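Remarks on the overall topology
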Amino acid sequence: MRAVVLLTSALALTTLAFKFEDCDEAKDKAVGPFGSPEFHEDVVDGGTPVYSLLPKASTPLPLIAFMHGSTGQYQFYNDSLSLIASHGFVVVFPFVKSPEKDKSPFTTNTDGTYLIKAIQYAKEQNSNSESALFGKIDTSKIIIAGHSMGATCSINAANTLKDDEGIVLDIAMHPGICGPFGPPPCPACWKSETLLSVAEAMPVVFTTATNDGAFWPAPYTAEHEYGCFKKSVGEVEDRNDVNIKNAAFIQFNADVCAEDGEREPVVKDGGHNCPMKRMGGGEPEFSAVLSAAKLYGHLGGDSNSVCYERLYGESGIKGLNITDVLDFRLEL
């Protein structure tokens, strides 16, 4: 018993002494200090698989639960997710039915069920001494993220889990149209009031592209998303009952989200699929995701950090001339 107590104390001291690195433009484009992560595959409750990326670390790491878009495949995102994991995150990637069946446009989920299952799975494995994830996850630092259908899931899952103090950030990359009308109509959508509810509980980073034509011809998809975002968090200045955390809307321009052919024949990476770019650390979108993940997962939202400046500051994304719209609210 004494040996167990000593070991636990030593681990606690290691965790307290560990200091995560701030953002660094050059370093963040390369494999991070934790090296290439181990890939694991398991099955969650209900029989559907979940992939996980596990970096080598002597301290528990924040968790990122990432959900793919409709017809999405792990191969669309694995390079960027592996890079992010190498900078100090455990990543879990759930499926609805299976890697093969999720390629079908008829396999859908928008309420966040599988993100929630993946987070629960990670917590259970973190407490399971026979699991590779045992003791590897800092459950007080959980980030919910996704692309397209998975971004809608991220908003709805974050709303369901908003009272969990361990959820520190929601990242929604090109979510489906907000409801109740438009493609897709609710319940296969997210609502402005839902995003507002999430933004009151945690920071939100919302990304899109001017040339996203997934739901309406460009640029109307992005314009509609911006309108929904503004309705959610940008028009509540006079409401005394609202306390919004940091909320950022980043609309990357058509030049940086243009199709470049680098991912073919696997997938096209322009417009709505801009998050599937992998060169330059997944620029432009996944580089912003890494900055946000480090800011809230590693640095506690430190407004004096390089990560904060990169995400919100005048010399960061704002000053790079790669967006058409970058709107954000600081914590009130």
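Structural notes, computed from the coordinates. On a predicted model such as this, the values are computed, not experimentally measured, just so you know.

What follows deals with the state of the cysteines. Note on terminology: a disulfide is the covalent bond linking the sulfur atoms of two cysteines. By the definition in use, this model includes four disulfides. At a sulfur-sulfur separation of 2.0 Å, the disulfide partner of C23 is C307. The sign of the 100° torsion about the S-S bond sets the C23-C307 disulfide as right-handed. You can see C23 sitting in the loop between α1 (2-17) and β1 (38-43) and its partner C307 sitting in helix α9 (residues 306-312), a full 284 residues away along the chain. With relative accessibility at 0%, the residue C307 sits in the buried group.

Bridge count for β1 against strand β2 (residues 49-54) is six bridges, and the pairing is antiparallel. Across the sheet, the residue bridging to E41 is Y51, located in β2. In this structure, the hairpin formed by β1 and β2 is closed by a connection of five residues, where G46 is found at a positive phi of approximately 105°.

Looking now at the sheet that holds strand β4 (residues 90-94). Pairing is mixed in the open sheet, where nine strands are placed in the order β1-β2-β4-β3-β5-β6-β7-β8-β9. Where the open sheet ends on each side, the last strands, each with one partner, are β1 and β9 (323-329). Each adjacent strand pair in this sheet contributes to an overall mean axis angle of 15°, direction not counted. As paired strands, strand β8 (residues 247-252) and β9 are joined by six bridges and run antiparallel to one another. Across the sheet, the residue bridging to Q251 is V325, located in β9. Along the sheet, helix α4 (residues 149-160) makes contact with β3 (61-67), β5 (137-147) and β6 (167-173), crossing β5 at roughly 140°.

Our focus in this paragraph is unusual backbone geometry. Cis geometry is found at the peptide bond from P183 to P184, where omega equals -5°. In this structure, P184 sits in the loop between β6 and α5 (192-201). The omega angle of the peptide bond from E283 to P284 is 0°, so this bond is cis rather than trans. Here P284 shows up in the loop between α7 (279-282) and α8 (285-298). Here the phi dihedral of S148 falls at roughly 60°; this positive angle occurs in a residue that is not glycine. Tracing the sequence through the fold places S148 in the loop between β5 and α4. Of note, the phi angle at N321 is positive, near 60°, even though the residue is not glycine. Here N321 is to be found in the loop between α9 and β9. Classification of N321 by relative accessible area gives exposed; the value is 64%.

Counting across every chain of the model gives 12 salt bridges. D28 is paired through a salt bridge with R310; the nearest N and O atoms lie 3.1 Å apart. In this pair, D28 is assigned in the loop between α1 and β1 and R310 in helix α9, connecting sequence segments 282 residues apart. Three or more residues are tied together by salt bridges with common partners; here these are D28, K294 and R310.

Turning next to empty space enclosed by the protein. All told, the structure shown has one cavity of 30 Å³ or more when counted by the stated rule. Lining the largest cavity are I64, F66, L81, I84, A145, I171, F286 and V289. At the level of elements, β3, α2 (74-86) and α8 are the ones that each hand at least two residues to the lining of the largest cavity.

Scanning all chains against the criterion turns up 19 aromatic pairs. A centroid spacing of 4.8 Å and a plane angle of 70° characterise the contact between F39 and Y51, whose relative ring orientation is edge-to-face. Here Y51 lies in strand β2 and F39 lies in strand β1, a separation of 12 residues in the sequence. What makes F39 partly exposed here is its relative accessible area of 42%. Their ring planes at 65° and their centres at 5.3 Å tell us that F93 and F95 sit as a pair that is edge-to-face. Each member of the pair, F93 as well as F95, is classed as buried. These aromatic residues form a ring-pair network of at least three members: F39, Y51, F66, Y74, F76, Y77, F93, F95 and F286.

What counts as what
Residues numbered from 1 in each chain as written. Predicted model: local features only at pLDDT ≥ 70, side-chain atom pairs only at ≥ 80, totals over all residues. Heavy atoms only, no water. Disulfide = S-S within 2.5 Å. Helix = DSSP H or I, 4+ residues; strand = E, 2+ residues; numbered from the N terminus. Buried < 20%, exposed > 50% of the residue type's maximum accessible area, 1.4 Å probe, protein only. Pairing = 2+ DSSP bridges. Axes fitted to C-alpha atoms, helices over the stretch in contact; angles between N-to-C directions. Contact = heavy atoms within 4.5 Å. Salt bridge = Lys/Arg side-chain N within 4 Å of Asp/Glu carboxyl O. 1 Å grid on protein atoms, 1.4 Å probe; cavity = no way out; pocket = protein on both sides within 12 Å on 5 of 7 lines; lining within 4 Å. Points joined across faces, edges and corners; volume = space filled by probe spheres on them. Phe/Tyr/Trp six-rings, centres within 6.5 Å; stacked < 30°, edge-to-face > 60°.

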